[in-house]
Amino acid sequence: MVLTLEADYAVRIVDDLAQSDRKVDARTLSEHTRVPLRFALKILRKLVASGLIVSYKGAHGGYMLAGPADSITLRQVIESVEGPYMLSRCQQDAYSCTHDHCCRFHEIYDEISTIVREKLDSYTFGTLDCKKKQG
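What you see is a predicted model, and the numbers here were worked out from it, not measured in a lab.

**Points about the overall build of the protein**
And then number 1: Helices and strands together make up the secondary structure of the protein, namely five helices and two strands.
And then number 2: Going from N to C terminus, the protein has its helices and strands arranged as α-α-α-β-β-α-α.
And then number 3: Taken across its 135 residues, the protein has 33% of its residues classed as buried.
And then number 4: If you take every contact in the protein between residues at least 6 apart in sequence, the share linking residues at least 24 apart comes to 63%.

Structural data, given as structure tokens:
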């Protein structure tokens, strides 16, 4: 499985903001993260709506994290643009599983999804470290 492009971009944007100690405008974020400006603006709106970042209007406006970087998890950022993480559609309440009585995979998917969510929650933008592969 691969993260969606939108989730990948959201992570890049929040990481860039976590590295900055000042407001950053959308154009600069777009350039630093290599996210097309129109897509960056869409993602920024979702991140603001989720309360992870704040926006400032005006000539000296921009974006900043809403709180300390070590209080923002990888899961929060991904779910702010993707919705709740789940491995399979059959985990959604609105989706009716194609199996009549008992989906043999539902519990397995729930277990795996829980493990992934917990692991994503264990990483914050204040504790991430860029380790280059040695080879």
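And the narrative resumes.
**Brief notes about the confidence of the model for the protein**
And then number 1: Per-chain confidence: the protein averages 86 in pLDDT, with 82% of residues scoring 70 or above.
And then number 2: Below pLDDT 50 for its whole length, residues 131–135 participates in zero contacts with residues either more than four positions away or in separate chains.

**Here we look at the nonpolar core**
And then number 1: Counting residues in each nonpolar core, the largest one holds 27 residues, and the members touching the most others are Ile-13, Leu-17, Leu-47, Val-77 and Phe-125.
And then number 2: Those elements that provide at least two residues to this core are helix 1 (5–19), helix 2 (26–33), helix 3 (37–49), strand 2 (62–65) and helix 4 (74–82).
And then number 3: Considering each element in turn, this core owes the most residues, seven residues, to helix 1.
And then number 4: Residues in contact with Phe-125, not counting those within four places in the same chain, are Val-11, Val-14, Asp-15, Ala-18, Ala-69, Ile-72, Thr-73, Leu-74 and Val-77.

**A closer look at the packing of aromatic side chains**
And then number 1: The tally for this structure, following the rule as stated, stands at one aromatic pair.
And then number 2: Here the aromatic rings of Tyr-9 and Phe-39 are separated by 5.3 Å at their centres, their planes lie at 75°, and the arrangement is edge-to-face. Of this pair, Tyr-9 sits in helix 1 while Phe-39 sits in helix 3; the two residues are 30 residues apart in sequence, bridging distant segments of the chain.
And then number 3: Taking the relative accessible area as the measure of exposure, Tyr-9 reaches 10% and is therefore buried.
And then number 4: We classify Phe-39 as partly exposed; its relative accessible area is 22%.

**Points about the side chain of Thr-73**
And then number 1: Its place among the elements puts Thr-73 in the loop between strand 2 and helix 4.
And then number 2: Engagement of the side chain of Thr-73 in a polar contact is seen with the side chain of Asp-121, the distance being 3.4 Å.
And then number 3: Thr-73 has contacts with Leu-120, Asp-121, Tyr-123, Thr-124 and Phe-125, leaving out every residue within four places of it along the chain.

**Here's the deal with helix 3**
And then number 1: With 13 residues, helix 3 ought to run about 18 Å at 1.5 Å a step, and its terminal C-alpha atoms sit 18 Å apart, in line with that.
And then number 2: In the stretch just after helix 3, Gly-51 is the one whose phi turns positive, near 85°.

**Details of a nonpolar patch on the surface**
And then number 1: On the surface, Phe-105, Ile-108 and Ile-112 cluster together into a nonpolar patch covering about 230 Å² of accessible area.
And then number 2: Structurally, the position occupied by Ile-112 is in helix 5 (residues 106–121).
And then number 3: The class for Ile-112 is partly exposed, based on a relative accessible area of 33%.

**With respect to helix 1**
And then number 1: Spanning 15 residues, helix 1 covers 21 Å between terminal C-alpha atoms, matching the ideal 21 Å at 1.5 Å per step.
And then number 2: Restricting attention to buried positions, one finds in helix 1 the residues Glu-6, Ala-7, Tyr-9, Ala-10, Val-11, Ile-13, Val-14, Asp-16 and Leu-17.
And then number 3: The secondary structure elements touched by the buried residues of helix 1 are helix 2, helix 3, strand 1 (53–56), strand 2 and helix 4.

**Let's talk about the pairing of strand 2**
And then number 1: Summarising the sheet, strand 1 and strand 2 pair through four bridges and their orientation is antiparallel. Considered in strand 2, the bridge of Ser-55 is made with Tyr-63.
And then number 2: Connecting the antiparallel pair strand 1 and strand 2 is a turn made up of five residues, with Gly-58 showing a positive phi of about 100°.

Calculation notes
Residues numbered from 1 in each chain as written. Predicted model: local features only at pLDDT ≥ 70, side-chain atom pairs only at ≥ 80, totals over all residues. Heavy atoms only, no water. Helix = DSSP H or I, 4+ residues; strand = E, 2+ residues; numbered from the N terminus. Buried < 20%, exposed > 50% of the residue type's maximum accessible area, 1.4 Å probe, protein only. Contact = heavy atoms within 4.5 Å. pLDDT = per-residue confidence, 0-100. Core = buried A, V, L, I, M, F, W, Y, C linked by side-chain atoms within 4.5 Å. Phe/Tyr/Trp six-rings, centres within 6.5 Å; stacked < 30°, edge-to-face > 60°. Polar contact = N/O pair within 3.5 Å; in protein donor to acceptor, adjacent residues only side chain to side chain. Expected span 1.5 Å × (residues − 1). Patch = residues over 30% accessible without salt bridge, like charges linked within 9 Å, V, L, I, M, F, W, Y side chains within 5 Å. Areas by Shrake-Rupley, 256 points an atom, 1.4 Å probe, with all protein chains shown as cover. Salt bridge = Lys/Arg side-chain N within 4 Å of Asp/Glu carboxyl O. Pairing = 2+ DSSP bridges.

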